[in-house]
Amino acid sequence: GRVWMRFVGWGDWIFKWTREFLDFNRYPTAFPLSDEITLPGLPADALAVRMEDRHLQGVDPMWVARASLTNAELQEFRTLGGSKVMRKFLQSKMAVKDAVRLWRSRSMRMGLTHPAEYQIEHDAQGKPYVAGIQDRFVPTISVTHKDNVV
């Protein structure tokens, strides 16, 4: 054998993504990005998720936004100033979308849907709701922010 090819100045692109993001990025209809958690006193037909900063660690927020938000949500996302505000917006939207996807999956006895299938809007008081669902499986949403957790 002779040398068939030589690379000079080669560098690998190493992703420093969490396992949750890697799974979600490859198969968004099989894996949520946030963690489902149990809370005392939570009704049997309810669920809770937690989204932490670490879920988006090493990830370009625009990448997640383009893949997971509706056009209207993406338009709103692009108007936000600063990466910290963009990350908080994305963290909140993804937590809600994951909760909706998980809840509907169980309620309707079907697989997870893609996060971009749901548009999260807010009423006049700022309460989030899911817009555009045409069936009877529409969850009530409540969001809480504390430090770096949604």
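Everything that follows concerns the structure shown earlier in this document.
Cut-off values and rules
- Residues numbered from 1 in each chain as written.
- Predicted model: local features only at pLDDT ≥ 70, side-chain atom pairs only at ≥ 80, totals over all residues.
- Heavy atoms only, no water.
- 1 Å grid on protein atoms, 1.4 Å probe; cavity = no way out; pocket = protein on both sides within 12 Å on 5 of 7 lines; lining within 4 Å.
- Points joined across faces, edges and corners; volume = space filled by probe spheres on them.
- Helix = DSSP H or I, 4+ residues; strand = E, 2+ residues; numbered from the N terminus.
- Nonpolar A, V, L, I, M, F, W, Y, C, P; charged D, E, K, R; others polar.
- Axes fitted to C-alpha atoms, helices over the stretch in contact; angles between N-to-C directions.
- Parallel < 35°, antiparallel > 145°, perpendicular 65-115°, else oblique.
- Left-handed = near helix turned anticlockwise from the far one by under 90°.
- Contact = heavy atoms within 4.5 Å.
- Buried < 20%, exposed > 50% of the residue type's maximum accessible area, 1.4 Å probe, protein only.
- Arc of directions from axis to C-beta.
- Salt bridge = Lys/Arg side-chain N within 4 Å of Asp/Glu carboxyl O.

(A) Geometry of the layout of surface pockets. Of the pockets and cavities examined, the largest pocket occupies roughly 640 Å³. Around the largest pocket, the lining comprises 24 residues; the ones closest to its centre are Leu47, Ala48, Val49, Ala99 and Ser142. Counting residues per element, the ones that place at least two in the lining of the largest pocket are strand S2 (48-50) and helix H4 (83-108). Examining the composition of the lining of the largest pocket, we find that 5 residues originate from one element, H4, more than from any other. The residue makeup of the lining of the largest pocket, split by class, is 17 nonpolar, 4 polar and 3 charged.

(B) Main features of the packing of helix H3 (residues 71-79) against H4. In contact at an axis separation of 9 Å, H3 and H4 are set at 155° when each is read in the N-to-C sense. Between H3 and H4, the angle falls in the class roughly antiparallel. As H3 packs across H4, the resulting crossing turns out to be right-handed. Here Glu73, Glu76 and Phe77 of H3 lie close against H4, whose contacting residues are Met86, Phe89, Leu90, Lys93 and Lys97. The class makeup of the residues in the contact of H3 with H4 is 4 nonpolar, no polar and 4 charged.

(C) Fine view of H3. Of the residues making up H3, those classed as buried are Glu73, Leu74 and Phe77. Angular distribution of buried residues about the axis of H3 spans 100°; they occupy a single face of the element. Across H3 from its buried face, at more than 90 degrees, point the exposed residues Asn71, Gln75, Arg78 and Thr79. For H3, the secondary structure elements touched by its buried residues are helix H2 (61-68), H4 and strand S3 (119-122).

(D) Here's a closer look at the pattern of salt bridges. The full count for this structure, using the stated rule, is 11 salt bridges. Measuring nitrogen to oxygen at the nearest pair gives 3.2 Å for the salt bridge that ties Arg50 to Glu52. Residue class for Arg50 comes out partly exposed when judged on its relative accessible area of 32%. The exposure class of Glu52 is partly exposed, given its relative accessible area of 22%. A single salt-bridge network, built from bridges that share partners, covers Glu20, Asp35, Arg50, Glu52 and Arg54.

Functional significance is not addressed by these values, which are geometric in nature.
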